[in-house]
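# Geometric and topological summary
Residue-level listing of the chains:
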2 protein chains.
Amino acid sequence: MSERDGRVVVALDVGGTGMKCALIRPDGAVVHAERHLTGADRGAEAVVDTILAVADGLVSTARTAGLTPTALGIVVPGIVDQTRGVAVWSANIGFRNVPLRDLATDRLGLPTALGHDVRAGGLAEARLGAGRDAGHVLFVAIGTGIAAAHVVAGAAATGAHGAAGELGHILVRPGGPRCGCGRSGCLEAIASASAVARRYTALAAGTTGDADTTSDGGSAAGPTPGPTVVTAAEVADRAAAGEELATRVWREAVEALADGLATGQALYDVQTIVLGGGLAQAGPGLFDPLRTALRERLTFHREPRLVPAALGDEAGCLGAALLALDQLEDS
Amino acid sequence: MSERDGRVVVALDVGGTGMKCALIRPDGAVVHAERHLTGADRGAEAVVDTILAVADGLVSTARTAGLTPTALGIVVPGIVDQTRGVAVWSANIGFRNVPLRDLATDRLGLPTALGHDVRAGGLAEARLGAGRDAGHVLFVAIGTGIAAAHVVAGAAATGAHGAAGELGHILVRPGGPRCGCGRSGCLEAIASASAVARRYTALAAGTTGDADTTSDGGSAAGPTPGPTVVTAAEVADRAAAGEELATRVWREAVEALADGLATGQALYDVQTIVLGGGLAQAGPGLFDPLRTALRERLTFHREPRLVPAALGDEAGCLGAALLALDQLEDS
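About the cut-offs
Residue numbers run consecutively from 1 along every chain, following the written order of its sequence. Numbering of ligands from 1 and lettering of chains from A proceed in the order in which they are written. This being a predicted model, a pLDDT of at least 70 is required before a residue's local features are given, and a value of 80 or more before pairs of side-chain atoms are given or counted; all residues contribute to the totals for chains, interfaces and linings. The basis for every side-chain value is the complete set of non-hydrogen atoms in the structure, without hydrogens or water. Any two strands with at least two DSSP bridges between them are considered paired. Helix and strand definitions follow DSSP, with helices as H or I runs of at least four residues and strands as E runs of at least two, each counted in order from the N terminus. For crossovers, right-handed means that the path from the first strand over the helix to the second runs clockwise, given strands pointing away from the viewer. Only heavy atoms enter the contact rule, under which two residues are in contact if any of them lie within 4.5 Å. Using a 1.4 Å probe, buried area is obtained as the accessible area two parts lose upon being combined, added over both of them. By definition here, a salt bridge exists when the distance from a side-chain nitrogen of Lys or Arg to a carboxyl oxygen of Asp or Glu is within 4 Å. For the purposes of these results, a polar contact is taken to be a pair of N or O atoms within 3.5 Å, where, inside protein, one atom must be able to donate a hydrogen and its partner to accept one; residues adjacent in sequence count only when each atom of the pair is a side-chain atom. Side-chain classes follow a simple rule in which Ala, Val, Leu, Ile, Met, Phe, Trp, Tyr, Cys and Pro form the nonpolar group, Asp, Glu, Lys and Arg form the charged group, and the remainder, Gly included, forms the polar group. Working definition: with a 1.4 Å probe on protein chains only, accessible area under 20% of the residue-type maximum means buried, over 50% means exposed, and in between means partly exposed. For a helix, the expected span equals 1.5 Å multiplied by the number of residues minus one. Here the copies are superposed with least squares, the fitted atoms being C-alpha atoms of residues at a pLDDT of at least 70 in both. Centre distance within 6.5 Å is the pairing criterion for rings of Phe, Tyr and Trp, where only the six-membered ring of Trp is used; planes under 30 degrees apart are then read as stacked, over 60 as edge-to-face, and the remainder as tilted. Where each domain begins and ends is defined by an automated method or by a domain database. Simply put, an axis is a line fit to the C-alpha atoms, just over the touching stretch for a helix, and the angle between two N-to-C directions goes from 0 to 180 degrees. Each angle gets one of four labels, with under 35 degrees taken as roughly parallel, over 145 as roughly antiparallel, 65 to 115 as roughly perpendicular, and the rest as oblique. Whether a crossing is left-handed or right-handed is set by the direction in which the near helix is turned from the far one by less than a right angle, anticlockwise for left-handed and clockwise for right-handed. Positive charges come from Lys and Arg alone, negative charges from Asp and Glu alone, with His and the N- and C-terminal ends not counted.

## Notes on the pairing of strand β13 (residues 305-308) of chain A
For a regular strand, side-chain orientation follows a simple rule: the groups alternate between the two sheet faces. Residues and elements named next belong to chain A. In the sheet, strand β12 (residues 272-276) pairs with β13 via four bridges, with the strands oriented parallel. Bridge pairing in β13 links Ile273 to Leu306. Traced from β12 through helix α9 (residues 284-297) to β13, the parallel crossover comes out right-handed.

## As for the interface of chain A and chain B
Listed by partner, the interface residues are 36 residues for chain A and 36 residues for chain B. Between chain A and chain B the total buried area reaches about 3,200 Å² when both faces are included, carbon and sulfur atoms providing 65% of it. Together, A:His161, A:Leu267 and A:Phe300 form the three largest contributors to the area buried by chain A at its contact with chain B, with a combined 23%. On inspection of chain A and its partner chain B, the count reaches two salt bridges. In this assembly, chain A and chain B are joined by 22 residue pairs in polar contact (both at pLDDT 80 or more). Looking at which element gives the most residues to the side of chain A that touches chain B, the answer is helix α8 (residues 244-268) of chain A, with seven residues. Class assignment of the residues belonging to the side of chain A that touches chain B gives a composition of 16 nonpolar, 13 polar and seven charged.

## Some details on the pattern of salt bridges
The final tally for this structure, using the stated rule, is 28 salt bridges over all chains. In this structure, B:Arg297 engages B:Asp259 in a salt bridge whose closest nitrogen and oxygen atoms are separated by 2.5 Å. Of this pair, B:Arg297 sits in helix α9 (residues 284-297) while B:Asp259 sits in helix α8 (residues 244-268), and the two are 38 residues apart along the sequence. In this structure, B:Arg297 and B:Asp259 share a single accessibility class: buried. Linked by salt bridges that have partners in common, A:Arg173, A:Asp259, A:Glu296, A:Arg297 and B:Arg183 make up one network.

## Observations regarding helix α10 (residues 315-330) of chain A
Residues and elements named next belong to chain A. Along its 16 residues, α10 runs 22 Å from first to last C-alpha, staying within 8% of the 22 Å computed at 1.5 Å per residue. Turning to α10, its buried residues number three or more, namely Ala315, Gly316, Cys317, Leu318, Gly319, Ala320, Ala321, Leu322, Leu323, Ala324 and Leu325. Of the surrounding secondary structure, the elements contacted by the buried residues of α10 are β1 (7-14), β2 (18-24), β3 (30-37), β4 (68-76), β8 (112-116) and α3 (117-128).

## Observations concerning the relation of the copies chain A and chain B
Aligned on chain B, chain A shows an RMSD of 0.0 Å; the corresponding rotation is 180° and the shift along the axis is 0.0 Å. Each copy turns onto its partner about a two-fold axis. Distance from the rotation axis, computed per C-alpha, reaches its smallest value in chain A at A:Val172: 3.4 Å. With an isologous cut-off of 70% or more, the 100% of interface residues of chain A that recur at the interface of chain B puts this contact in the isologous class.

## Some words on the packing of aromatic side chains
Each aromatic ring pair is characterised by the separation of its centres together with the angle its planes make. Overall, the coordinates contain three aromatic pairs over all chains when judged by the stated rule. Judged by centre distance (6.1 Å) and plane angle (5°), the rings of A:Trp89 and B:Phe300 are stacked. With A:Trp89 in strand β6 (residues 86-89) and B:Phe300 in the loop between α9 and β13 (305-308), the pair connects residues from two separate chains. Note on A:Trp89: relative accessible area 31%, which makes it partly exposed.

## Topic: the domain arrangement of chain A
All names here are of chain A. In terms of domain boundaries, chain A breaks down into domain 1 (7-124 + 313-330) and domain 2 (132-309). Taking only C-alpha atoms, the centre of domain 1 and the centre of domain 2 are 27 Å apart. Of the residues lining the interface, eight residues belong to domain 1; the matching set on domain 2 comes to 15 residues. Here domain 1 packs against domain 2, burying approximately 900 Å² in sum over the two surfaces, 67% of which is carbon and sulfur.

## Concerning the packing of helix α1 (residues 44-64) of chain A against helix α2 (residues 100-108) of chain A
Residues and elements named next belong to chain A. Put simply, α1 and α2 touch, their axes get as near as 10 Å, and they point 40° apart. One element, α1, and the other, α2, form an angle in the oblique class. Here α1 runs over α2; the crossing is right-handed. Contacts from Val48, Ile51, Leu52, Ala53, Ala55, Asp56 and Val59 of α1 reach α2 at Leu100, Leu103, Ala104, Arg107 and Leu108. Of the residues belonging to the contact of α1 with α2, the class tally is 10 nonpolar, no polar and two charged.

## Some remarks on the pairing of β4(A)
All names here are of chain A. Judged by how many residues are buried, β4 sits mostly within the fold: eight of nine residues are covered. When β1 meets β4, the two strands line up parallel, connected through seven bridges. Counterpart to Ala11 in the pairing with β4 is Gly73. The sheet contact formed by β4 and β8 spans five bridges and is parallel. When the bridges of β8 are listed, Val75 appears paired with Gly115.

## Examining the sheet that holds strand β7 (residues 96-98) of chain A
Residues and elements named next belong to chain A. Taken together, the three strands give an open sheet; going across it, the order is β5-β6-β7, and neighbouring strands pair in antiparallel fashion. A single partner strand is all that each edge strand has here, and the edge strands are β5 (79-81) and β7. The mean inter-strand angle of the sheet, taken between neighbouring strand axes irrespective of direction, is 20°. Here β5 runs beside β6; their pairing, made up of three bridges, is antiparallel. When the bridges of β6 are listed, Asp81 appears paired with Val86.

## Focus on the side chain of B:Thr38
Residues and elements named next belong to chain B. Here Thr38 lies in the loop between β3 (30-37) and α1 (44-64). Owing to a relative accessible area of 0%, Thr38 belongs among the buried residues under this scheme. Ignoring anything within four residues of it in the chain, the contact list for Thr38 reads Val14, Gly15, Gly16, Thr17, Gly18, Met19, Val47 and Ile93.

## Points about the side chain of B:Glu34
Residue and element names in this part refer to chain B. Checked against the element boundaries, Glu34 lands in strand β3. Although buried, Glu34 forms no salt bridge, and the nearest oppositely charged side chain, Arg35, lies 11 Å from it. With near-sequence residues (within four places) excluded, Glu34 lies in contact with Met19, Lys20, Cys21, Val54 and Leu58.

## Remarks on the sheet that holds β4(A)
To summarise the sheet geometry, strands pair through backbone hydrogen bonds and adopt either a parallel or an antiparallel arrangement. Residue and element names in this part refer to chain A. Spatially, β3-β2-β1-β4-β8 is the arrangement adopted by the five strands of the open sheet, whose pairing is mixed. At either end of the open sheet lies a strand with only one pairing partner, and these are β3 and β8. Along the sheet, successive strands turn relative to each other by an average axial angle of 15°, direction set aside.

## Concerning the packing of α8(A) against α8(B)
Close contact between α8(A) and α8(B) brings their axes to 11 Å; oriented N to C, the two are set at 75°. As judged from the angle between their axes, α8(A) and α8(B) are roughly perpendicular. Residues A:Thr263, A:Gly264, A:Leu267 and A:Tyr268 of α8(A) lie in contact with α8(B), whose contacting residues are B:Thr263, B:Gly264, B:Leu267 and B:Tyr268. When its residues are assigned to classes, the contact of α8(A) with α8(B) shows four nonpolar, four polar and no charged.

Right, dumping it as structure tokens:
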């Protein structure tokens, strides 16, 4: 807290389950951090109230500590219209055209930037994290889903409707597993952490592992005893230990991921691909075979560096701060 | 030629077979146009000599007509490093790291911009042609190959190594036909004009139609009587007339193309997709089923407008002029 004038920005990364919040100085140093539950089950309106109340609380915390909050950055999942400051659509929070930026400006009186969580995470990784030496970066977050951010010269591409970078929803296996989005064969339906876990569990039980039969459908099957549910990390561990089924499921995921990254490289042509999210924590068990598989798929394209994310789950919050700071610079 | 000060830029679009060349005013009006053979069979060095001689001739033509050439724009196929002004690699002309921009500047004494032919064509379509009302445009050229240019706010993305937008080399059919690039199942191997013609011809003859068996291999098979070779346009016509084999090949190409465009939309999120190149001249026979197939593939993404190119085969040359003019503005 030693910076002369004590200026900070207020940053919120709103997820389906929790919110990561911080007061961050212009040099990127986190002065204060706190976490809250999103409570998405209460509906979008209640979530908006919580976001505004938490932001308000952070502004008070800052002032109490003698700091000067200058701007607010909020990032949310789904489709985000950054230019208009609107949370257009989100599956797990239920936002439908929420003018979150203006609501926050009205409430707090601070200039506010609204952004997309994965694009903000990519922005932070590209400027401050694992991609900081590269001008062209593709950040890929692999968790429950798969999403990407294409960052060039320190700016993340938003697309015309706030929906760019949906690497999880490109076709890699025609006729393959059903995806949560409604199509079949999307990358996310094969290589996301939840798809890996689902596929392994289903094969162990002799079913297909489609998203529509074992995932979003929930526990409608009732008390029928199911197979033991494992996580993607456990599948990776079992594959590393040589277990046959795990090896097969893991290899299928790595190959689909390599196909997806090769498509990303063909269209974006980046220097560095940064992998984040839960699955990227599998370490060499993921990166070694993935590098090999990606190399096999690139013919005339330059092979990008393939590196793990450096900022962990704080990337989105740091990215929210960067959006807030960028806005101050632009205005 | 009535503009007051008579300023023009010299524009060259160098293709594998021919060069389209023009003198173009800052307002985009073509004052003079000429075409030359590239003569790629003479080797890259001879092609460079021809490019410089043709450009020199255009400068003289301009001055003789009382015009003032202010800059030169050259666009070439392959991988182009626009920042360094180097033609890095091209399959059909044989360029390998040719510093074409500096060679031209030395010879002509004019500020020179070097660009990529399809990206320049996309730039022209986005600013002056079928995409002129949209801020985010994907231009897709479908001819012998398939390549794309992503244009945002009037600038075409180049990528880190000058290789962005290679939509022809994304995987759409795992285990599918061999592509000229060495992989299998690339979009270009199924939906380019040459792939459509090859596939139809091969199926009619009872073979596979892979790029490596019937195309680049040439006529090594000697005098064995082969099937009649048809063009993609003829396949489209025969499909429209209800011929079974043509209908099947055309449908396969349209579906692969829809998969490729859906992937492009998932990653780029544009307002307008402009289709150019020979295949796009198939008109409603292409656009009607393609729009339907693309719509079926988009779940949460906004459907882009899908329109034919407006500038025909002059787009690349106009784009070369835009690059030259942009450079003057930047300097």
